[in-house]
Amino acid sequence: MALIRLNLLVWLLASGIVLLPLVYYKFSMSLNAFISLEITLILAIITLLILRLNRQTISATFFGPRLTLSLVTTLSISMFISAYMEMTLIGHLSMFSLLVMLIGFTIAAVGRGKPIYRITLAMAAIGTLSVALYGSYTPSFGNDTWRDIMIAEQLLLRGRIEALTARHDAYPIPVVPLLYATASFATGTDPLWTSAIVGLVYLFLLPLSVYTLSRRILGDLPTTSYSAILISVTPLAVIWSFGFIPQAYSLTLGILAFLSLLAGGKKAEKAFPFILLSTSLVLGHGGVATFFLLLMIWLILWGRSEDASASLGRYIWPYLIPYSMLFIMYFVYTTLVYPLISGYTSVIEAIKAFLSGQKILVATSPYAQQPVVAVLSYIPISVIVTSSLTLLVDENTPRWMKLTIFLLLVMLAIALIGSQAFPALDALRYLGFPSTTFLAIFASLGLSRIAERKTPGLIYFIALLLLATTSFVFSGAIMPDNPFTASPYAGPSIYGLITYSEAQNLKYISYNLINMNILTDWRSGAYMSYTLVKDNYDPHWIGHGNRFTRNYIEILYAGSYGYVVTPHELINKLQQGYMFLVRGNGLEMPESFYNINSKFIDFIYLNYNIIYNSNNIIII
C-alpha cells in the first residue's frame, strides 16, 4: 500500500512539472520563481524514488575529513585573511575567498566529528567574512535597520519615547531601537556599530537555537545538526545578520521561548522565562507574533492526544492563554492594530490577485525584476522543502508532525504567492522566513530518512547538502561585488555598500544641506539621514523617502518600498528642483534604478550643472 502511494505521488509530481508552465503562463509568476518550483518538484520526485528503497542503519560519521577545533579555526582564519587581502589588493571579493568559503561549507556538510564543530564552522565562515567586510564598508548593510538605528540615536539624544519624531505604526514600542540604545549607552558604542554587533549575535544564536530545538523535538539523531547547516546557508535567514530587523529578533526569541517550555522542571518554573521571552517576541514584531500564535494553536489542536515525548502540543497548551492575552492587549490597545489588519488584508488581496493573474504594484515605476540567477538564493529553501516532504509520506512520522509540516508548507506557499502577486508586501520576509526556519528543524529528520536508504540514499543525502551549500556560496548573498557570483542580482543579498571614504563625503554633504531636496540610492540616503539625526534633526518618513523638517530638507531613497527611478522619473525630479546624488556603485543597485546606464548619465552631465564632484560622489 505504501509503495502504491509513493508511485501515485511520483506521477502527481511529474504531472505538476508538466503543468507548471501553464501556471507560469496564466498567473503572475516570475521566471526565477517558476524555475525554483520546477527544481523543487524534480528534487521531490527523486526523493520519493529514493524512499522506495529498503532502510538501513546510518552512523553519525560520513566519508569527509574529521572536524576538529584546529581545522575549524584554520578555515575561519583563512576566510578572514582571503577576504581582507582581496578587498585590500583589488578592492572587492574574488575567486580565492569564494573557494575558501566553498571548501569550508563543503567540509561542514560532509565532515566527520562532533555536531558542534560542524555548526561552528558554518557560523565562523560567515562571521569572519562579515568582520572583514566591516573593515572596508560602513554598517549597516540593511535597509529597515537604518530606521531602527535612527530611532535609537534619537532615544539617546532625547531620553524618552514620547520625544521621538521617527516612528512606525507597526512598532508602537520600538523594542529593537531600545535594545540598540541601551547597549550603546552601557558600552559607549555608536548605535550604528551596536546594530552590527547584534547582527553577529543573531548569526550565532539562530543556528544554535534551531539545532537545540531540533534535538529537543527529534532526539539526538546523526543528522540533527544539519538543521543548523541548512538555515545557515539560506540567504533569506542569514542575510539579517548583516542588517538586523525586528522579524529576526522576534523569531529568535520565539524559538527560545519554545525551548524554555521543553526544558525540564515544573510548569511554574518554566512560566517566567516563557512570559519574558514571549513578551519581547510580541513587542518585537506583530507579524511574527501572529505566526507563533497560529503555530501554538495548531500544535495544541493536533498534538495533545499523542505521546508527550513526541508532541509539542502537550508542553504548549498551559501557556497559550497568557500568550494570547498578551498578544490581544498589545493588538487592541496600540497602533499595531492598523498595520496588522492592513497586513492580513494585503495577504488576502495578494492571493486574489495571483488567482486572477494580476500583479499589485504600489508605484508607477516598473518593479525591478530579479533575473534567473536569483534562483541560486532559493535553492536552499527547495532542499529544505524537499527534505520536509519526506516526512509527509513516511509511515513512522507522528501525525502532529505531519500536520505541522503541512501548515508550514501552506504558509510558505502563501509567502511565495504574495511575493509574486504583491512584491511590495515582502511576504517572503514576513511569512516565508519563519516558515522556512521551522521547516529546517524537521528537514533534519527528513534527511535522516533519506540517508537510511542504502548507498543511493546516502549519496543523495550528501548531494542535497552540497547543492544547498554550493548554491548559497555562488549566490553571492554575503559576498558583495564578487564577479564570480550572482551578486548583486540574486534574491536576498548585500551589495552597493558604502566605503569609509564615501561615508566621509556623505557626512560633509549632509552637514551642508540647507533648503535642498536630493534624490539618491537608498544606502546613501539612509547614511545621510543618520548623519542628520545625530545632529538632532527631526526625521519623518514619507512613502518611499525620508523628509527632515528642519531647513526643509528632503531626501528621496531610490530602491525603498518599491520606488524605482527610471530615466523619465529622474528627469522629472531634476526639473522639479531636486538634486541627483550619484555614488560609485549606487547606480548598480538593481532595485533602485531602471535603465539608467552610463550613456544616460553622460547625457545628464552634459545638460545639467555638476555642483559637487569628489571621491566617487557627484551631485547634479
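Before reading further, recall that the structure is shown in the block above.
Residues numbered from 1 in each chain as written. Predicted model: local features only at pLDDT ≥ 70, side-chain atom pairs only at ≥ 80, totals over all residues. Heavy atoms only, no water.

Asker: Is there a simple way to explain unusual backbone geometry in this structure?
Answerer: Note: most residues except glycine have negative phi, and most peptide bonds are trans. In this structure, the amide linkage connecting P139 to the following residue, S140, adopts the cis form with an omega of 0 degrees. By the secondary structure assignment, S140 is in the loop between α5 (115-134) and α6 (144-158). Phi at D481 takes a positive value of approximately 65 degrees, unusual for a residue other than glycine. Considering the arrangement of structural elements, one finds D481 in the loop between α20 (454-475) and α21 (500-511). For D481, a relative accessible area of 26% puts it in the partly exposed group. Located in the positive-phi region is N595, a residue other than glycine, with phi close to 65 degrees. (Helix = DSSP H or I, 4+ residues; strand = E, 2+ residues; numbered from the N terminus. Buried < 20%, exposed > 50% of the residue type's maximum accessible area, 1.4 Å probe, protein only.)

Asker: Help me understand the environment of A166, please; the structure alone is not making it clear to me.
Answerer: Residue position: A166 is located in the loop between α6 and α7 (175-187). Each C-alpha atom of the pair A166 and D148 lies 9.0 Å from the other, and the pair is 18 residues apart in sequence.

Asker: I'm lost on the packing of helix α3 (residues 69-89) against α5 in this one. Help?
Answerer: To characterise two packed helices, one gives the angle between the axes of the helices and the distance between these axes. Two elements in contact, α3 and α5, have axes separated by 9 Å at closest approach and are oriented at 20 degrees. Taken as axis vectors, α3 and α5 run roughly parallel relative to one another. Considering how the two elements wind past one another, α3 and α5 form a crossing that is right-handed. Contact residues: α3 offers L69, V72, L75, S76, M79, F80, A83, Y84 and M87, while α5 offers Y117, T120, L121, A124, A125, T128, L129, V131, A132 and L133. (Axes fitted to C-alpha atoms, helices over the stretch in contact; angles between N-to-C directions. Parallel < 35°, antiparallel > 145°, perpendicular 65-115°, else oblique. Left-handed = near helix turned anticlockwise from the far one by under 90°. Contact = heavy atoms within 4.5 Å.)

Asker: How do you make sense of the pairing of strand β4 (residues 553-558) when you look at a structure like this?
Answerer: If a strand is regular, its side chains alternate between the two faces of the sheet. Summarising burial for β4: six of the six residues are buried, a large majority. Covered by surrounding structure in β4 are I553, I555 and Y557 together with E554, L556 and A558, the residues of both alternating faces.

Asker: Even after reading the chapter, I still don't get the nonpolar core, so can you show me in this structure?
Answerer: Grouped burial of nonpolar side chains is what soluble globular proteins tend to show. Judged by nonpolar contacts, the single largest core of 166 residues is most densely connected at F438 and I478. With 14 residues, the top contributor of residues to this core is helix α19 (residues 427-451). For I478, the contacting residues outside a window of four places in its chain are M101, I126, L129, L133, V238, I239, F242, F472 and I494. Within the second largest apolar cluster, 18 residues are counted, among which are A558, L570, F600 and I604. (Core = buried A, V, L, I, M, F, W, Y, C linked by side-chain atoms within 4.5 Å.)

Asker: Hey, could you run me through a nonpolar patch on the surface in this one?
Answerer: Taken together, I77, F80, I81, Y84, M85, L89, I90 and V131 make up a surface patch of nonpolar side chains, about 740 Å² in accessible area. It is α3 that provides the largest number of residues to the nonpolar patch, a total of six residues. One can find Y84 in helix α3. For Y84, a relative accessible area of 41% corresponds to the partly exposed category. (Patch = residues over 30% accessible without salt bridge, like charges linked within 9 Å, V, L, I, M, F, W, Y side chains within 5 Å. Areas by Shrake-Rupley, 256 points an atom, 1.4 Å probe, with all protein chains shown as cover. Salt bridge = Lys/Arg side-chain N within 4 Å of Asp/Glu carboxyl O.)

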